[in-house]
Amino acid sequence: MTLAARLLALWPGWVLGVALQLQQAVLWSAGAYAALLAAALVQLVLCVVSRRLGWSAVLLAGVLAGGGFTGLRAAQFATQALDPPLQGLDIEVSGQVAELPQRGADGWRFVFEVDHAQRLGQAVALPERLQLGWYLRGAADAGPAPRAGERWRMTVRLRSPHGHANPHGFDRERWLWENGIAATGYVRNGPRDPAPQRLEPAGWGLEAARQAVSERIRTRVADPRSAGVLAALVVGDQSAIDSSDWALFRTTGVAHLMSISGLHVTLFAWLATRLIGALWRRLARPWPRLLLAVPLPLAAGLGGVLLATLYALFSGWGVPSQRTVLMLGLVVGLRLLGRQWPWPPLWGLAMAAVLALDPWALLQPGFWLSFVAVGILFATDPAGREARPAAGEALSRGRRLLRAAWGQWREQVVVTVALAPLSLLLFGQLSVVGLVANLLAIPWVTLLVTPLALLGVALPWLWDLAALAVQALHAWLGGLAQFAWAAVFRPIPPLPLAVLAALGGVLLVLRLPWTLRSAGLLLLWPVFAWQPA
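Figured I'd write up the structure that's included with this text. (Residues numbered from 1 in each chain as written. Predicted model: local features only at pLDDT ≥ 70, side-chain atom pairs only at ≥ 80, totals over all residues. Heavy atoms only, no water.)

1. Focus on the overall build of the protein chain
Link 1 in the chain: A tally of helices and strands in the protein chain yields 20 helices and 10 strands.
Link 2 in the chain: At 26 Å, the protein chain has a C-alpha radius of gyration in line with the 24 Å of a compact globule built from 533 residues.
Link 3 in the chain: Projected onto its principal axes, the C-alpha positions of the protein chain cover 80 × 70 × 60 Å.
Link 4 in the chain: Looking at the protein chain residue by residue over its 533 residues, the buried ones come to 42%.
Link 5 in the chain: Within the protein chain, contacts between residues at least 6 apart in sequence are counted, and of these 73% link residues at least 24 apart. (Helix = DSSP H or I, 4+ residues; strand = E, 2+ residues; numbered from the N terminus. Rg over C-alpha atoms; globule rule 2.2 N^0.38 Å. Buried < 20%, exposed > 50% of the residue type's maximum accessible area, 1.4 Å probe, protein only. Contact = heavy atoms within 4.5 Å.)

This is the structure we're talking about:
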């Protein structure tokens, strides 16, 4: 076994190490995790030097590295915990609004990055990131609203993060941990409190640009439902979509389209690559040496990945966007080097890289849905056989369209069947009409709504057309959601049954004889039949 082949065992080890550390009930000391990292480095050096150590030794090095790295980051974050004596006291803080504020019926909620904090004139230590609520007290209190990127000075009251412990419910404390928020609180703005003071405007930062575009969409589009969807697709502001619309999207199985998905980033990268390629050819006419300095494939490939990365950052840098950008970077890099890898290493390295950026992503449903869906599509059609004509076969435009439509239908069926058990495990819900809804919704959102929404940043009148398309989509989904059987709700099963069901869903869609694939039904049945005591 070559050294490169053995080193590929690092990524499953890394993922396993991250997963094991996240199951720890109590954190170890930072020194213990540093020792794990040192042991991983020693193990990896031994694997490189000695040819007798196979992939299992590299796997162990990956486990040690993943666990040590995740634990060290967790131990460092735990040191930022709010000092208990400071809970419930008035503290003056100054800093920056870090993300898009969320407007609610009673005021604003936003993430605040602290630069300086003091109480009674004495400096105090606070966590770096706070989640604050700014509750309005009527029209008289509707002063200047916080905007992303602005610097403020305000008086706040804080407490340690906590949430309800309902089984299978939303774990708010874990969500705050995943987002690096070590304390929550609210802005003091009563009659006897110092008024919050804006210190600096937003400037030209990324978050300020996202908020500016989101506000332009809301100003231009009169229909708030359509404006919310467009803001979610352009800048990743999912809080702009009303809760009733989220319920509609979950019932019809299209919620994945209302956030920045891998499909959106891939389409953007493809368009960017084409545009940069055309621009590079045009520039090469008066300056032919430009192609010698930077060849066309290099300029188009790297430029497309760079612009796709900027779009992913502008839209919130979610897990699907991270996965897509990393995979695009790997594929483009291999092509420029004249190499081609099979899909499992690409898929696995992208997974390991996402967890290196954010180990807590392993706890998010979007991580599992995104990577499982892509892995299933790769495994069931690894070389794009359905979309490629046979050798010597010339297809008319009509047959190419039919072939593309059949490929889309097949992929949708495969993903729907494979992810059904996972959806039950994560959400306790399965959309029955999702397959039919997505047949129209996927091309409608991907090829019509999203391009119009993005181009509207430069040409705002296109947002009017995008809003009409969103309204038509709402009408289509609303009709499907009227059926009583549109969605199936089941109690979340125990983990062993859920794992068997997930394997059953995968078994049903793999390219295996039907005698083996039908065994997946036996693995699926206990989840649908199970009832809690």
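The discussion continues.
2. Observations concerning the layout of surface pockets
Link 1 in the chain: The calculated volume of the second largest pocket comes to roughly 320 Å³.
Link 2 in the chain: As for the second largest pocket, its lining consists of 14 residues, and the residues nearest its centre are Phe 268, Leu 271, Tyr 311, Leu 454 and Leu 455.
Link 3 in the chain: Of all the elements in the fold, those that place two or more residues in the lining of the second largest pocket are helix H9 (262-284), helix H11 (296-314) and helix H16 (434-455).
Link 4 in the chain: Counting residues per element, the lining of the second largest pocket draws most heavily on H9, which supplies five residues.
Link 5 in the chain: When grouped by side-chain class, the residues that make up the lining of the second largest pocket number 14 nonpolar, no polar and no charged. (1 Å grid on protein atoms, 1.4 Å probe; cavity = no way out; pocket = protein on both sides within 12 Å on 5 of 7 lines; lining within 4 Å. Points joined across faces, edges and corners; volume = space filled by probe spheres on them. Nonpolar A, V, L, I, M, F, W, Y, C, P; charged D, E, K, R; others polar.)

3. Here we look at H9
Link 1 in the chain: For H9, built from 23 residues, the straight-helix expectation of 33 Å at 1.5 Å per residue is met to within 8% by its first-to-last C-alpha distance of 32 Å.
Link 2 in the chain: Those residues of H9 not exposed but buried are Gly 262, His 264, Val 265, Leu 267, Ala 269, Ala 272, Ile 276, Gly 277, Trp 280 and Ala 284.
Link 3 in the chain: Buried residues in H9 make contact with helix H7 (224-235), helix H10 (289-293), H11, helix H12 (319-336) and H16. (Expected span 1.5 Å × (residues − 1).)

4. Quick notes on the pattern of salt bridges
Between side chains of opposite charge, pairing is possible as soon as their charged atoms come close.
Link 1 in the chain: Counted by the stated rule, this structure contains 14 salt bridges.
Link 2 in the chain: Glu 215 is the partner of Arg 147 in a salt bridge, and the nearest nitrogen-oxygen pair spans 2.5 Å. Of the two residues, Arg 147 is situated in the loop between strand S5 (129-135) and strand S6 (151-159) and Glu 215 in helix H6 (residues 206-220); the sequence distance between them amounts to 68 residues.
Link 3 in the chain: Close ionic contact of Asp 237 with Arg 218 constitutes a salt bridge, the shortest N to O distance being 3.9 Å. Taken together, the residues span a long stretch of sequence, with Asp 237 in the loop between H7 and helix H8 (243-251) and Arg 218 in helix H6 at a distance of 19 residues. (Salt bridge = Lys/Arg side-chain N within 4 Å of Asp/Glu carboxyl O.)

5. Description of empty space enclosed by the protein
Link 1 in the chain: Scanning all chains against the criterion turns up one cavity of 30 Å³ or more.
Link 2 in the chain: By volume, the largest cavity is sized at about 40 Å³.
Link 3 in the chain: If you trace the largest cavity, you find it lined by His 264, Leu 267, Phe 268, Leu 271, Thr 450, Pro 451 and Leu 454.
Link 4 in the chain: Considering every element that reaches the lining of the largest cavity, the biggest residue donor is H9, with four residues.
Link 5 in the chain: Of the residues belonging to the lining of the largest cavity, the class tally is five nonpolar, two polar and no charged.

6. Notes on the packing of H9 against H16
Link 1 in the chain: Interhelical geometry of H9 versus H16 gives an angle of 55° and a closest axis separation of 11 Å. The pairing of H9 with H16 is recorded here as oblique in orientation. By crossing handedness, the relation of H9 to H16 is classed as right-handed. Along its contact with H9, which presents Leu 263, His 264, Leu 267 and Phe 268, the element H16 presents Ile 442, Val 445, Thr 446, Thr 450, Pro 451 and Leu 454. (Axes fitted to C-alpha atoms, helices over the stretch in contact; angles between N-to-C directions. Parallel < 35°, antiparallel > 145°, perpendicular 65-115°, else oblique. Left-handed = near helix turned anticlockwise from the far one by under 90°.)

7. Remarks on the packing of aromatic side chains
Two numbers describe a pair of aromatic rings. These are the distance of the centres and the angle of the planes.
Link 1 in the chain: Taken as a whole and assessed by the stated rule, the structure comprises 15 aromatic pairs.
Link 2 in the chain: Ring geometry for Trp 343 versus Phe 378: centroids 5.6 Å apart, planes at 15°, classification stacked. Separated by 35 residues along the polypeptide, Trp 343 in helix H13 (residues 343-357) and Phe 378 in helix H14 (residues 365-380) bring together distant segments of the chain.
Link 3 in the chain: Phe 378 gets classed as partly exposed once you look at its relative accessible area, which sits at 25%.
Link 4 in the chain: Here the aromatic residues Trp 11, Trp 343, Trp 347, Phe 367, Trp 368, Phe 371 and Phe 378 are joined through ring pairs into a cluster of three or more. (Phe/Tyr/Trp six-rings, centres within 6.5 Å; stacked < 30°, edge-to-face > 60°.)

8. Re the environment of Glu 200
Link 1 in the chain: Take Glu 200: it is sitting in strand S8 (residues 197-200).
Link 2 in the chain: On the basis of relative accessible area, Glu 200 is assigned to the partly exposed category, the value being 40%.
Link 3 in the chain: Residues Glu 200 and Arg 119, 81 residues apart in the sequence, show an inter-C-alpha distance of 22 Å.
Link 4 in the chain: When residues no more than four places from it in sequence are discounted, the contact partners of Glu 200 are Glu 150 and Arg 151.

9. A closer look at the environment of Leu 425
Link 1 in the chain: As for its placement among the helices and strands, Leu 425 is situated in helix H15 (residues 397-427).
Link 2 in the chain: Taking the C-alpha atoms as reference points, Leu 425 and Ala 502, separated by 77 residues in sequence, lie 8.8 Å from one another.
Link 3 in the chain: If sequence neighbours within four positions are ignored, Leu 425 has contacts with Ile 492, Pro 493 and Ala 498.

10. Comments concerning the pairing of strand S1 (residues 91-97)
Link 1 in the chain: In terms of residue burial, S1 counts as a mostly covered element, since five of its seven residues are buried.
Link 2 in the chain: Relative to S6, S1 is paired through six bridges, and the arrangement is antiparallel. By the bridge assignment, Ile 91 is partnered in S6 with Val 156.
Link 3 in the chain: Two strands pair when backbone bridges link them, and S1 and strand S3 (residues 107-119) are joined in this way by six bridges, in the antiparallel orientation. Across the sheet, the residue bridging to Gln 96 is Glu 113, located in S3. (Pairing = 2+ DSSP bridges.)

11. With respect to H6
Link 1 in the chain: With 15 residues, H6 extends 21 Å from end C-alpha to end C-alpha; this agrees with the ideal 21 Å at 1.5 Å per step.
Link 2 in the chain: Turning to H6, its buried residues number three or more, namely Glu 207, Ala 208, Arg 210, Gln 211, Val 213, Ser 214 and Ile 217.
Link 3 in the chain: Buried residues in H6 make contact with H7, H11 and helix H17 (462-481).

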